[in-house]
Amino acid sequence: MPRPIKTAVFPVAGLGTRFLPATKAMPKEMLTIVDRPVIQVAVDEAREAGVEHFVFVTGRNKGVIEDHFDKQFELEETLAARGKNEQLEILASDLPQAGQASFTRQQEPLGLGHAVWCARKLVGDEPFALVLPDMLMKGAPGCLSQMTATYEERGGNIIAVEEVPHDQVSNYGIVGVGETLSDTAFSINEMVEKPAQNEAPSNYIISGRYILQPEVFAEIEAQKPGAGGEIQITDAMIRLMAHQSFYGVKFDGTTFDCGNKVGFLMANVAYGLDRPDIEPEFREALNALLKS
Ligand code: G1P
């Protein structure tokens, strides 16, 4: 039985320039999906998969994320005095337990691989999940739980994948498909970061959830900047592939790329329609708007 995944790393140092001016003073990870910040949705998914240690790689102007995962005494006292028990319960159930959240900074924007490397001391010598919060992966069970099932069977490194139209492959990391393991899993025999369409080994993208062995840190450390002058996590994984197995798990659900405006708006619609407390009213209003 492989070592269980108890730690998840959330790289949240990005500037969010695509959402200016909303992200001028507020981290993009605090933009809301209905009434939950994007980062909270990602944390919920990791917690559902058994994660107990949430490691955030932050940067300048990201202090609000730390505050979000802390107790807010004044707010809670006010809610208690007003008898707002439902809201109090939401705050309590979202809060990581004492010591479960750790924060470190990526001091320079040197790429996703470098952001992950910044978390090495907090992760230690254990396998861990890597969760890119921009990619909101809506599924039941969640994407990480789907991956954990294959991980428990096979160990190694797991990447959530999904197919995209061929003309979009150059926006993503792409995996090559090796041996079929089941309806939902296959061995990965190749990886390439943001290939030209005619050089992509498939149309399966690396979609934003990874289970990685700690040896990846040494591979990141040994590495020179790759695509876009950044230290890419994909390059480190390619090197690790020489010594360890990588498996692709086809995500069963819907992915919203909240790094772009349409993806973010679509996520709000999808999550809104999934919320029993607002669904009937929201659906009616949406239908009316679409007809107008
Ligand atoms: C990163 C990864 C890429 C992956 C993508 C998913 O790229 O490097 O392999 O497909 O996330 O969103 P980025 O979006 O940071 O350019």
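**Some remarks on the overall build of the chain**
Point 1. In terms of regular secondary structure, the chain is built from 11 helices and 13 strands.
Point 2. Over its C-alpha trace the chain gives a radius of gyration of 19 Å, about what one expects of a compact globule, namely 19 Å for 292 residues.
Point 3. With the principal axes as the frame, the chain shows a C-alpha extent of 60 × 50 × 40 Å.
Point 4. For the chain, the residues scored as buried account for 46% of the 292 residues in total.
Point 5. Entry remark: accessible area of the chain is about 14,900 Å², with carbon and sulfur atoms responsible for 51%.
Point 6. Charged side chains of the chain number 26 positive and 41 negative; the gap between the two group centres comes to 5 Å.

**Some details on the nonpolar core**
Point 1. Within the largest apolar cluster, 36 residues are counted, with the highest numbers of intra-cluster contacts made by F10, F56, L144 and M147.
Point 2. Contacts of M147, omitting those with residues within four sequence positions, involve I158, I159, A160, R209, Y210, I211 and V249.
Point 3. C118, L130, L132 and I159 belong to the second-largest nonpolar core, a separate cluster that totals 30 residues.

**Brief notes about the pattern of salt bridges**
Point 1. Under the definition given, this model contains 14 salt bridges.
Point 2. The closest approach of N and O atoms between E45 and R209, which form a salt bridge, is 2.9 Å. Remark: R209 occurs in strand β11 (residues 204-212) and E45 occurs in helix α1 (residues 38-48); sequence separation between them is 164 residues.
Point 3. Exposure remark for E45: the relative accessible area of 8% places this residue in the buried category.
Point 4. Look at R209 and you get buried, because its relative accessible area is 1%.
Point 5. K194 serves as the salt-bridge partner of E193, at 3.0 Å between the closest nitrogen and oxygen.
Point 6. Classification of E193 as buried rests on a relative accessible area of 15%.
Point 7. Residue class for K194 comes out partly exposed when judged on its relative accessible area of 44%.
Point 8. Taken together, the salt bridges that share partners define one network made up of D35, R275 and D277.

**Points about the site of the ligand**
Point 1. Looking at the ligand, the residues that line it are L112, L132, M135, Y172, G173, E193, K194, I206, Y210, Q232 and T234.
Point 2. I206 places a polar main-chain atom, nitrogen or oxygen, 2.6 Å from an oxygen atom of the ligand.
Point 3. In the complex, 75% of the free accessible area of the ligand, which totals 380 Å², lies under the protein chains.
Point 4. Considering only residue class, the shell around the ligand consists of 6 nonpolar, 3 polar and 2 charged.

**Some details on the packing of helix α3 (residues 73-81) against helix α4 (residues 85-94)**
Each pair of packed helices gets described by two things: the angle between the helix axes and the distance between those axes.
Point 1. For the pair α3 and α4, the least separation of the axes is 8 Å and the interaxial angle reads 150 degrees. With respect to each other, α3 and α4 are oriented roughly antiparallel. The crossing of α3 and α4 is left-handed. Residues L75, E76, L79 and A80 of α3 form the contact with α4, whose participating residues are Q87, L88 and L91.
Point 2. The residue inventory of the contact of α3 with α4, partitioned by class, reads 5 nonpolar, 1 polar and 1 charged.

**So, the packing of helix α10 (residues 261-273) against helix α11 (residues 279-291)**
Point 1. At their nearest, the axes of α10 and α11 sit 8 Å apart, and the two run at 135 degrees to each other. With respect to α11, the axis of α10 lies oblique. Touching N268, V269, G272 and L273 of α10 are E279, F282, R283 and L286, all from α11.
Point 2. Across the contact of α10 with α11, the residue classes tally to 4 nonpolar, 2 polar and 2 charged.

**Here's the deal with the side chain of N157**
Point 1. Assignment of secondary structure puts N157 in strand β8 (residues 157-163).
Point 2. When near neighbours in sequence (up to four residues on either side) are disregarded, N157 contacts I211, L212, Q213, L240, Q244, S245, F246 and Y247.

**Considerations on unusual backbone geometry**
Point 1. A cis amide bond links L20 to the next residue, P21, at an omega of 5 degrees.
Point 2. Relative to the elements of secondary structure, P21 occurs in the loop between β1 (7-11) and β2 (32-33).
Point 3. In this structure, P141 follows A140 across a cis peptide bond, with omega equal to 0 degrees.
Point 4. If you trace the backbone, P141 turns up in the loop between β7 (135-138) and α7 (143-154).
Point 5. Positive phi is not limited to glycine here, since N61 has a value of about 65 degrees.
Point 6. Looking at the secondary structure, you find N61 in the loop between β4 (53-58) and α2 (63-68).
Point 7. Unlike most non-glycine residues, K194 shows phi in positive territory, near 45 degrees.

Thresholds, definitions, all that
- Within each chain, residue numbers correspond to sequence positions counted from 1 in written order.
- Under the rules for a predicted model, residues below a pLDDT of 70 receive no local features and side-chain atom pairs below 80 are neither given nor counted, while totals for whole chains, interfaces and linings still include all residues.
- Just so you know, side-chain values use all the structure's heavy atoms and leave hydrogens and water out.
- Only runs of H or I of at least four residues qualify as helices and only runs of E of at least two qualify as strands under DSSP, and these elements are numbered from the N terminus.
- We compute the radius of gyration over the C-alpha atoms and compare it with the globule rule, which gives 2.2 Å times the number of residues raised to the power 0.38.
- Relative accessible area decides the class of each residue, using a 1.4 Å probe on protein chains only: under 20% of the type maximum gives buried, over 50% gives exposed, and in between gives partly exposed.
- Computed with a 1.4 Å probe, the accessible areas rest on the Shrake-Rupley method; for each residue, only the protein chains presented here act as cover.
- His is not counted here, nor are the chain ends, while Lys and Arg score as positive and Asp and Glu score as negative.
- Throughout, a charge is located at the NZ atom of Lys, the CZ atom of Arg, the CG atom of Asp or the CD atom of Glu.
- Only buried residues count toward a nonpolar core. Its members are Ala, Val, Leu, Ile, Met, Phe, Trp, Tyr and Cys residues joined through side-chain atoms within 4.5 Å.
- The contact rule is simple, with two residues in contact once any of their heavy atoms fall within 4.5 Å.
- A carboxyl oxygen of Asp or Glu within 4 Å of a side-chain nitrogen of Lys or Arg is what we treat as a salt bridge.
- Summary of the distance rule: residues count as near a molecule or strand when at least one heavy atom falls within 4 Å of that molecule or strand.
- Under this definition, polar contacts are N or O atom pairs within 3.5 Å; protein pairs additionally need one hydrogen-donor-capable and one acceptor-capable atom, and for neighbouring residues in sequence, both atoms have to be side-chain atoms.
- Side-chain classes are defined by residue name, with Ala, Val, Leu, Ile, Met, Phe, Trp, Tyr, Cys and Pro counting as nonpolar, Asp, Glu, Lys and Arg as charged, and the others, Gly among them, as polar.
- Between the N-to-C directions of two axes lies an angle of 0 to 180 degrees, each axis being a line fitted to C-alpha atoms and, for a helix, fitted only over the stretch in contact.
- Just so you know how the angles are binned, under 35 degrees is roughly parallel, over 145 roughly antiparallel, 65 to 115 roughly perpendicular, and the rest oblique.
- Crossing chirality is assigned from the near helix's rotation relative to the far helix, an anticlockwise turn below a right angle marking it left-handed and a clockwise turn marking it right-handed.

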